[in-house]
Amino acid sequence: MNDLFNSFMSGPDENGRFGKFGGRFVSETLMPLILDLEAEYEKAKTDDSFWAEMDDLWKHYVGRPSPLYFAPRLTGALGGAKIYLKRDELNHTGAHKINNVLGQILLARRMGKTRIIAETGAGQHGVATATVCARFGLKCIVYMGAHDVERQAPNVFRMKLLGAEVISVTSGRGTLKDAMNDALRDWVTNVRDTFYCIGTVAGPHPYPAMVRDFQSIIGKEAKEQLQEQEGRLPDTLIAAIGGGSNAMGLFYPFLDDTDVNIIGVEAGGKGVNAKMEHCASLTGGRPGVLHGNRTYLLQDDDGQILEGFSISAGLDYPGIGPEHSWLHDIGRAQYVSITDKEALEAFQFCCEQEGIIPALEPSHALAHVMKIAPELPKDHIIIMNMCGRGDKDIFTVAKALGIEMNDGD
Amino acid sequence: MTRIDQKFSELRKAGKKAFVTYVMAGDPNYETSLEIVKGLPAAGVDVIELGIPFTDPMADGPTIQFAGQRALAAGMTLERTLQLARDFRKTDNETPIVLMGYYNPIYNRGVDKFLVDAKAAGIDGMIVVDLPPEEDGELCIPAQAAGMNFIRLATPTTDDKRLPKVLQNTSGFVYYVSITGITGAAEAEAANVGPEVARIKAKTDLPVIVGFGINTPEKSEAIARIADGAVVGSAIVKRIGDGDSPADVLAFIKSLADGAHRA
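Computed from a predicted model, the values in this text were never measured in an experiment.

Asks: Tell me about the interface of chain B and chain A, and please be specific about residues and values.
Replies: Across the boundary between the two partners, chain B contributes 38 residues, which contact 38 residues of chain A. Both sides together, the interface formed by chain B and chain A hides about 2900 Å², and carbon and sulfur atoms give 49% of it. Linking chain B with chain A are 5 salt bridges. For Arg294(A), the salt bridge goes to Glu138(B), with nearest N and O atoms at 2.5 Å. Taken together, the links from chain B to chain A amount to 22 residue pairs in polar contact (both at pLDDT 80 or more). Elements that contribute at least two residues to the side of chain B that touches chain A include exactly helix H3 (62–73), helix H4 (78–89), helix H5 (103–109) and strand S6 (152–154) of chain B.

Structure follows, in structure tokens:
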């Protein structure tokens, strides 16, 4: 058992705080709703029948456990550390997002909610939510920034095929942040029948803890799988971070294994510089309050929120989950950034070396693996979270590489 | 005693209902906004709510979102919002001013510095939408210690069990949000709101003012009749956004104020 007084895994406290981060910064209209949700989640957490239903769906509907795959050619080409990929891109719907959505939809059903709303950036969370809603016959409305609707057209069509209504959000610059604002506006209007299914480890308490718990299946499996394959813990964990749910899912079960290095990779866009053309909240932001929680944010001198910039729609968010902010401040995890250019190179390298087309999000994590692996000894083990597959990104990548594609190709 | 407490005490003595307006500071620009704010007392406004522009106003509908965007585009900041209050105070030291907005610009400035500066600028109270009672330690308690009112929103989802918690550290007045939803979206119905106001008044001696969904002199009168006063925001902000002259905006406000004062 972990010593609760010296554990990194005991957060959040009863006020939803991880240190000074987190909290419940929402309007009064929503406050009773998030208290209800917290009570329902606390009940479900210790209810064996809830987890039995989750396990069954994870196994037969999502395809868990996802493999922990030793990547021989990446390892050989980089010439240093042994690289393992946690293959969450093989999940149904092609990313880690569905791990969390299943949990929230089961909760929504327990609470008698019939209308599900979600925000989405790259569209992966929207597709996962639309999928599980179809599976359970629930009405689904997905808010998506107009800019993202344009650059993630295949996912928009997928959501529609799955029966969801996709609302294109034009406020702000039309990205994930603005979609989340409009989802909150919907929720505050439709308080009786609506469940807000948040896609990342951010938002008011209990969302950051709840989403982390649902995503922790990634880290739990990885820990067992590496034990089977190597008989020990990894030396380093690496995952990409937008809001930070895939990373939190991988990291959380290892937080008290203090010999394990933990590295989160933020989207550096065109470079973390004064022009703010990036989404690196921890590297280039400072603490503030947005979307229900206190966390690191990209903001100007007046506390106005800045629009992030990244080639990856899934990382294009000016904040980050509050638990990451806390892990950053106490030094338990290290956070770095990777530029669009580096991520694109990693994307291509992975396709060529392993026959895996990664999403642009984990391509950021892989780019950092490529930076550090060559300098590490051959017995050093890295687990990288391959949190999504890249089919959705091929148009973006083609455009960035200056290749023209049309429907006839 | 703040100017807010003073004002409500006077209204109570005179047997009058309060008329409260919301305008976004610096919308569409500093000078026009100041001209409108300066004209509010003569138009019959008892309490001025001054919106602090913010990029992500999660509880507001498009009308107030756009107002914030216009103000920010014209260079408005929290500092300039305080400056607008200072400029107003040069000619009016009686009308209460309540700042209304979201927490991040205040947190970013630093709560202690903000409170000192706001007090010095002649601010009497504040409504911060994303600070529920659960976060009272952030700003509510320090603001009251600094001699300003912290005005809380009560909503249709605030049930009897939760109401005491919402009222506990509220001062100045209670702002009852007449609908579940965002500003400017739906219409308030006096028939539905009346019992809710009575429910709140049974638990507090503070005045209960109703806002959200009030957009005509008739509605202003009907709502003021069943509460201690009415707030109008989006309907006014929309006219400012449409480019109405300050004189036309103030004439519209006067018609709303007359409605409330007839009640």
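Asks: Lay out the sheet that holds strand S7 (residues 165–169) of chain A in plain terms, naming residues and giving numbers.
Replies: Residues and elements named next belong to chain A. Reading across the sheet, the 4 strands line up as S7-S6-S5-S8 and stay open at both edges, with parallel pairing between neighbours. Every interior strand has two partners, whereas the edge strands, S7 and strand S8 (194–196), have only one. Geometrically, the sheet is characterised by an average inter-axis angle of 25° between neighbouring strands, direction not taken into account. Summarising the sheet, strand S6 (residues 139–145) and S7 pair through 5 bridges and their orientation is parallel. Each residue of the ladder has a partner; that of Gly-145, found in S7, is Val-169. The strands touched by helix H5 (residues 124–136) are strand S5 (115–120) and S6; relative to S5, the strand with the most contacts, the crossing angle is about 160°.

Asks: An account of the nonpolar core is needed here, citing residue identities and associated values.
Replies: Among soluble globular proteins, nonpolar side chains are generally buried collectively. Counting 189 residues, the largest nonpolar core has Tyr103(B), Met126(B), Leu139(B) and Tyr175(B) as the members making the most contacts within it. If we ignore the near neighbours within four places in the chain, the residues touching Tyr103(B) are Phe25(A), Val289(A), Arg294(A), Val111(B), Val128(B), Asp130(B), Leu131(B), Glu138(B) and Leu139(B). Grouped together as the second largest cluster of nonpolar side chains are 25 residues, Ala81(A), Ala240(A), Cys350(A) and Met384(A) included.

Asks: Before we move on, can you summarise the UniProt feature "modified residue: N6-(pyridoxal phosphate)lysine" (unreviewed entry) in chain A with the specific residues and values?
Replies: All names here are of chain A. UniProt's feature table lists "modified residue: N6-(pyridoxal phosphate)lysine" (unreviewed entry) at Lys-97, given in the numbering used throughout. Locating Lys-97 in the fold gives a position in helix H4 (residues 97–110). In this view, Lys-97 contacts Gln-124, His-125, Ala-128, Gly-199, Thr-200, Gln-215 and Ser-245; residues no more than four positions away in its chain are not counted.

Asks: With reference to specific residues and values, describe the packing of aromatic side chains.
Replies: Residue and element names in this part refer to chain A. Across all of its chains, the model carries 16 aromatic pairs over all chains by this definition. Ring plane angle 75° and centroid distance 5.7 Å describe the contact between Tyr-41 and Phe-214, whose orientation is recorded as edge-to-face. Residue Tyr-41 is located in helix H1 (residues 31–45), and its partner Phe-214 is located in helix H9 (residues 207–215); the two are separated by 173 residues in the primary sequence. Each member of the pair, Tyr-41 together with Phe-214, is buried. Taken together, the ring pairs connect Tyr-41, Phe-50, Trp-51, Trp-58 and Phe-214 into an aromatic cluster.

Asks: Break down the UniProt feature "active site" (unreviewed entry) in chain B for me, citing the residues and quoting the values.
Replies: Per the UniProt record, "active site" (unreviewed entry) is annotated on Glu49(B) and Asp60(B). The subset of these annotated residues that lines the second largest pocket comprises Glu49(B) and Asp60(B). As for its placement among the helices and strands, Glu49(B) is situated in strand S2 (residues 47–51). Residue classification places Glu49(B) among the buried residues on the basis of a relative accessible area of 1%. Ignoring sequence-local partners within four residues, the contact set of Glu49(B) consists of Val20(B), Thr21(B), Tyr22(B), Val23(B), Val98(B), Met100(B), Ile127(B), Phe173(B), Tyr175(B) and Val231(B). You can see Asp60(B) is positioned in the loop between S2 and H3. Of the residues examined, Asp60(B) reaches a relative accessible area of 8% and is grouped as buried. Those residues in contact with Asp60(B) that sit more than four places away from it in its chain are Arg185(A), Gln65(B), Tyr102(B), Ile182(B) and Thr183(B). Separated by 2.7 Å, the side chains of Asp60(B) and Tyr102(B) make a polar contact.

Asks: Go over empty space enclosed by the protein, please, and point to the residues and values.
Replies: Inspection of every chain in the model, using the stated rule, returns 5 cavities of 30 Å³ or more. Taken together, 32 residues line the largest cavity, and the ones lying closest to its centre are His96(A), Lys97(A), Gly314(A), Leu315(A) and Glu361(A). Listed by contribution, the elements that provide at least two residues to the lining of the largest cavity are S5, H5, helix H8 (176–189), strand S9 (236–241), helix H11 (245–251) and helix H15 (360–372) of chain A. The residue makeup of the lining of the largest cavity, split by class, is 11 nonpolar, 16 polar and 5 charged. Its boundaries defined by the atoms lining it, the second largest cavity holds a volume of some 120 Å³. Val26(A), Ser27(A), Leu30(A), Met58(B) and Ala59(B) are the residues nearest the centre of the second largest cavity, which is lined by 13 residues in total. Grouping the constituent residues of the lining of the second largest cavity by class yields 9 nonpolar, 3 polar and 1 charged.

Definitions and cut-offs
Residues numbered from 1 in each chain as written. Chains lettered and ligands numbered in written order. Predicted model: local features only at pLDDT ≥ 70, side-chain atom pairs only at ≥ 80, totals over all residues. Heavy atoms only, no water. Contact = heavy atoms within 4.5 Å. Buried area = accessible area lost by both parts, 1.4 Å probe. Salt bridge = Lys/Arg side-chain N within 4 Å of Asp/Glu carboxyl O. Polar contact = N/O pair within 3.5 Å; in protein donor to acceptor, adjacent residues only side chain to side chain. Helix = DSSP H or I, 4+ residues; strand = E, 2+ residues; numbered from the N terminus. Pairing = 2+ DSSP bridges. Axes fitted to C-alpha atoms, helices over the stretch in contact; angles between N-to-C directions. Core = buried A, V, L, I, M, F, W, Y, C linked by side-chain atoms within 4.5 Å. Buried < 20%, exposed > 50% of the residue type's maximum accessible area, 1.4 Å probe, protein only. UniProt positions renumbered as here; feature names shortened; annotations may be inferred. Phe/Tyr/Trp six-rings, centres within 6.5 Å; stacked < 30°, edge-to-face > 60°. 1 Å grid on protein atoms, 1.4 Å probe; cavity = no way out; pocket = protein on both sides within 12 Å on 5 of 7 lines; lining within 4 Å. Points joined across faces, edges and corners; volume = space filled by probe spheres on them. Nonpolar A, V, L, I, M, F, W, Y, C, P; charged D, E, K, R; others polar.

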